[in-house]
Amino acid sequence: MACRICNNDNLIKFLSLGQTPLANSFLEKEDLNKKEDTYPLEVGFCPNCKLVQLYYVVPPGMMFTNYLYVSSTSDTFKLHFSKMAEELSNLMKLDVNSLAVDIGSNDGVLLKGFQKFGVRTVGVEPATNIAEIAKKNGIDTINDFFNDSVTDQILSSKGHADVITANNVFAHTDAIKRIIYNVKRLLKDDGIFVIEVAYLVDMLQKMTFDIIYHEHLFYYSLAPLDYLFNQQGMQIFDVQRIPTHGGSLRVFVKKLESSKPVEKSVSEILGKEKEMGIHELRIYENFANRVYEAKEQLVKLIKGLKNQGKAIAGYGAPAKSTTLLNFCGLGRGFIDYIVDENNLKQGLYTPGTHIPITPPSMLDKRRPDYILILAWNFAEEILNKTKKYKDDGIKFIIPLPEPVTV
Ligand code: DWN
């Protein structure tokens, strides 16, 4: 198979997590006995441009036209995107004459932040159900993927953009080269394109292998992104490591002709990546071994608790829990139910493992002995809001990088 960025045809497979259902394909009760589609979840490394990527690509229309992930469910992300809008507005001195476009804008949580500075905003969101939420939030949202015709539509209706953002989107589509082409068309000459992507180095170091699922085609380090943007006449001029989703990169990109200076953060991170060996296959082979070890430890802990007759519930039904639960074979025999505050998921069942998802009030109705925090990236926020259960003697398990009971 050929690399999706550089077309090098000797991709090297280093990890297979088996046949897995789509991460956000939560089931209605009546669907539980129907055949569930699963797809190979296999990861490869390109020795040429260093991109880590999935082998099998699920058509985006199957994953993103009716979507259950809502950015504003967590206070963490509402604060994160409000601060991001403020930082970018100050960096670019945005005002009422400026235009901010968010690709994959979800419920408009970031654009709402730009509106506080009077900035004109446009969201592009392919999920019809989510785009409706955004429109109700007063966010002008185009319900489509970011493509040639959407770019033409924005250019004719709003003009060129000062800032274009794509947060937790740039790893989700095979069309990244066409997205860059259209970003270049839409951006003002001194405009900036800012993306946030889960950072491969954090995944390797924190063992957060459950962020590997079919929505995430690419697991980026800065090196392949640098290669990709240079290939298309754009240049990374700044980069920050941020804590979202277990550790991400915020990457600032400009047109080659823009006079913005390139910060030393770029060469620093590129240098650190080379030093830690992410350009070499051995680091991925080592990661794959540790993934199997992490699975063994978690399964051993959970099975041990079940053998002691303990009741276990899950907290949060994130997309990543589909990978973790299916890869570890932890279904209803182990996890009795999962609570989640996203009402789009309540009353549904987890993909492949068929665990019922309920409102958090279930914790009072059917008291568990242990709560497995499946939305581990929000462990602090969740532990704060469940203090009364901890005080009541319920124990919490954080599954990765190795299972820890608190
Ligand atoms: O890339 C993606 C990232 C941005 O988000 C998408 N592929 C899909 C999605 O991944 P996810 O579903 O793993 O996102 P979260 O935000 O990690 O999922 C957290 C889940 O936990 C949500 O369903 C909401 C729930 N939750 C909760 O019930 N109470 C979360 C918090 C913080 C809470 O307090």
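Residues numbered from 1 in each chain as written. Predicted model: local features only at pLDDT ≥ 70, side-chain atom pairs only at ≥ 80, totals over all residues. Heavy atoms only, no water.

## Topic: the packing of aromatic side chains
Applicable threshold: Aromatic pairing here means that ring centres of Phe, Tyr or Trp (its six-membered ring) are within 6.5 Å. Orientation follows from the plane angle: under 30 degrees is stacked, over 60 is edge-to-face, and everything else is tilted. Summary of the burial criterion: residues with accessible area below 20% of their type's maximum are buried, those above 50% are exposed, and those between are partly exposed, where the area comes from a 1.4 Å probe applied to protein chains only. A ring is considered to have a charge above it if a Lys NZ or an Arg CZ atom is located within 6 Å of its centre and within 35 degrees of its normal.
Here the structure, examined in full by the defined rule, presents 15 aromatic pairs. Considering the side-chain rings of Y67 and Y69, the 6.4 Å spacing of their centres and the 65° angle between planes classify their relative orientation as edge-to-face. Relative accessible area serves as the criterion here: at 10%, Y67 is assigned to the buried category. For Y69, a relative accessible area of 27% corresponds to the partly exposed category. The cationic tip of K13 hangs over the ring face of Y55; the distance from NZ or CZ to the ring centre is 4.9 Å. Sitting above the plane of the F327 ring, K295 keeps its charged end 4.5 Å from the centroid.

## Considering the nonpolar core
For soluble globular proteins, the rule of thumb is that nonpolar side chains tend to be buried together. Note the cut-off: Among the buried residues, those of types Ala, Val, Leu, Ile, Met, Phe, Trp, Tyr and Cys that are joined through side-chain atoms within 4.5 Å form a nonpolar core. Note: domain ranges come from an automatic or database domain assignment. Contact between two residues is taken to exist if any of their heavy atoms lie within 4.5 Å; hydrogens are not considered.
Of all hydrophobic cores here, the largest spans 131 residues; its most connected members are F170, F193, F209 and I212. Mapping this core onto the domain boundaries places at least three of its residues in each of domain 1 (64–279) and domain 2 (301–405). Leaving out residues up to four positions away in the same chain, I212 has contacts with L15, L17, L41, V43, L54, M203, Y219, F287 and T323. Counting nine residues, the second-largest nonpolar core is a separate cluster that includes L22, Y39, F64 and A127.

## Side note on the packing of helix α6 (residues 176–186) against helix α8 (residues 222–231)
Definition in use: Every axis in this analysis is a line fitted to C-alpha atoms, fitted for helices over the stretch in contact. Angles between the N-to-C directions lie between 0 and 180 degrees. Only runs of H or I of at least four residues qualify as helices and only runs of E of at least two qualify as strands under DSSP, and these elements are numbered from the N terminus. Here roughly perpendicular refers to angles of 65 to 115 degrees, roughly parallel to angles under 35, roughly antiparallel to angles over 145, and oblique to all remaining angles. Should the near helix be turned anticlockwise from the far one by less than a right angle, the crossing is left-handed, and should it be turned clockwise, the crossing is right-handed. Note on residue categories: nonpolar means Ala, Val, Leu, Ile, Met, Phe, Trp, Tyr, Cys or Pro, charged means Asp, Glu, Lys or Arg, and polar means any other residue, Gly included.
Running from amino to carboxyl end, α6 crosses α8 at an angle of 55°, the nearest separation of the two axes being 10 Å. Taken together, the axis directions place α6 and α8 in an arrangement best described as oblique. Relative to α8, α6 is oriented so that their crossing is right-handed. Every residue of α8 that contacts α6 at I176, K177 and I180 is listed here: L228, F229 and Q231. Classifying every residue of the contact of α6 with α8 by side-chain character gives four nonpolar, one polar and one charged.

## Section: the side chain of R250
For clarity, the cut-off: Under this definition, polar contacts are N or O atom pairs within 3.5 Å; protein pairs additionally need one hydrogen-donor-capable and one acceptor-capable atom, and for neighbouring residues in sequence, both atoms have to be side-chain atoms.
Topologically, R250 is positioned in strand β11 (residues 248–255). In this structure the side chain of R250 is engaged in a polar contact, spanning 2.7 Å, whose partner is the side chain of E196. Dropping the residues within four chain positions of it, R250 is found in contact with H80, M84, E87, V194, I195, E196, D238, V239, Q240 and I242.

## Description of the environment of I355
Tracing the backbone shows I355 in the loop between β13 (337–339) and β14 (357–358). Classification of I355 by relative accessible area gives buried; the value is 0%. Along the backbone, I355 and D336 are 19 residues apart, and their C-alpha atoms lie at a distance of 6.8 Å. Those residues within four positions of I355 in sequence are excluded, and the remaining contacts are L325, L330, G331, R332, I335, D336, Y337, I338, L348, Y349 and T350.

## Observations concerning the domain arrangement of the chain
Interfaces are frequently sized by the accessible area removed from exposure as the parts join. We count it as follows: Buried area: the accessible surface (1.4 Å probe) lost by two parts on joining, summed over both. A carboxyl oxygen of Asp or Glu within 4 Å of a side-chain nitrogen of Lys or Arg is what we treat as a salt bridge.
Partitioning the chain into domains gives domain 1 (64–279) and domain 2 (301–405). Between domain 1 and domain 2, the C-alpha centre-to-centre distance is 31 Å. Taken together, the contact between domain 1 and domain 2 spans 21 residues of the former and 16 residues of the latter. Counting the surface lost from both domain 1 and domain 2, the interface buries some 1500 Å², and carbon and sulfur atoms represent 68% of this. Contact with domain 2 buries surface across domain 1, with L68, F209 and D210 losing the most and accounting together for 38% of the total. On the surface where domain 1 and domain 2 come into contact, there are zero salt bridges. Viewed at the interface, domain 2 and domain 1 are joined by four residue pairs in polar contact (both at pLDDT 80 or more). Counted by class, the side of domain 1 that touches domain 2 contains eleven nonpolar, seven polar and three charged residues.

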